[in-house]
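This is what each chain is made of:
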Amino acid sequence: MEKITYTTRGTCAVKIEFEKDGDIIHNIKFTGGCNGNLKAIAKLCEGMTSKEIVAKLKGNTCRDKPTSCADQLALAVSIN
């Protein structure tokens, strides 16, 4: 499995770490942000393909920001 670290932009979470096995995403961990919500997102996305994560989370925004932690996860898995 390939370990990936992604530095977020425009969110309270500053970093997302995950493992990629082919196109399957595992062990998602956020640093910073809303701990409970981000643990839930990580659990819900465990074992999904990057395409599934992008389809569900891309474009999700937070408050008045143009992005969110979920949107940043979609971006992270799509470019890695």
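Residues numbered from 1 in each chain as written. Predicted model: local features only at pLDDT ≥ 70, side-chain atom pairs only at ≥ 80, totals over all residues. Heavy atoms only, no water.

Student: Which residues make up the overall build of the protein, and what values do they have?
Tutor: What the protein contains, in helices and strands, is three helices and three strands. In the protein, the order of α-helices and β-strands from amino to carboxyl end is β-β-β-α-α-α. Taken against the 2.2 N^0.38 rule, which gives 12 Å for 80 residues, the C-alpha radius of gyration of the protein at 11 Å falls within 12% of a compact globule. Projected onto its principal axes, the C-alpha coordinates of the protein cover approximately 35 × 20 × 20 Å. Each of the 80 residues in the protein was classed as buried or not, and the buried ones make up 39%. Surface accessibility of the protein: about 4800 Å² in total, with carbon and sulfur atoms responsible for 52%. Across the protein, the 12 positively charged side chains and the 9 negatively charged ones have centroids separated by 5 Å. (Helix = DSSP H or I, 4+ residues; strand = E, 2+ residues; numbered from the N terminus. Rg over C-alpha atoms; globule rule 2.2 N^0.38 Å. Buried < 20%, exposed > 50% of the residue type's maximum accessible area, 1.4 Å probe, protein only. Areas by Shrake-Rupley, 256 points an atom, 1.4 Å probe, with all protein chains shown as cover. Lys, Arg positive; Asp, Glu negative; His and termini not counted. Charge placed at Lys NZ, Arg CZ, Asp CG, Glu CD.)

Student: Tell me about the sheet that holds strand β2 (residues 13-21), and please be specific about residues and values.
Tutor: As a general point, the strands of a sheet are linked pairwise by backbone hydrogen bonds and lie either parallel or antiparallel. The three strands lie next to each other as β1-β2-β3, forming an open sheet whose pairing is antiparallel. The open sheet has two free edges, formed respectively by β1 (2-7) and β3 (24-32), since each of these has just one partner strand. Sheet twist, expressed as the average angle between the axes of neighbouring strands with direction ignored, equals 20°. Of the pairings in the sheet, the one linking β2 to β3 comprises seven bridges and is antiparallel in character. Its bridge partner being in β3, Lys-20 is matched across the sheet by Ile-25. (Pairing = 2+ DSSP bridges. Axes fitted to C-alpha atoms, helices over the stretch in contact; angles between N-to-C directions.)

Student: Kindly report on helix α3 (residues 69-79), identifying the contributing residues and their values.
Tutor: The buried fraction of α3 is high, at eight of eleven residues. Of all the residues in α3, the buried ones are Cys-69, Ala-70, Asp-71, Gln-72, Leu-73, Ala-74, Ala-76 and Val-77. Buried residues along α3 sit against β1, β2, β3, α1 (35-45) and α2 (50-57). (Contact = heavy atoms within 4.5 Å.)

Student: Can you explain the environment of Ile-79? Please cite residues and give values.
Tutor: With respect to the element layout, Ile-79 can be found in helix α3. Placed 66 residues apart in sequence, Ile-79 and Ala-13 show a C-alpha to C-alpha distance of 18 Å.

Student: Describe the side chain of Ser-50, listing the residues and the values that go with them.
Tutor: Structurally, Ser-50 is set in helix α2. Judged by relative accessible area, which is 8%, Ser-50 ranks as buried. With residues up to four places along the chain from it excluded, the contact list for Ser-50 reads Asp-23, Ile-25 and Val-77.

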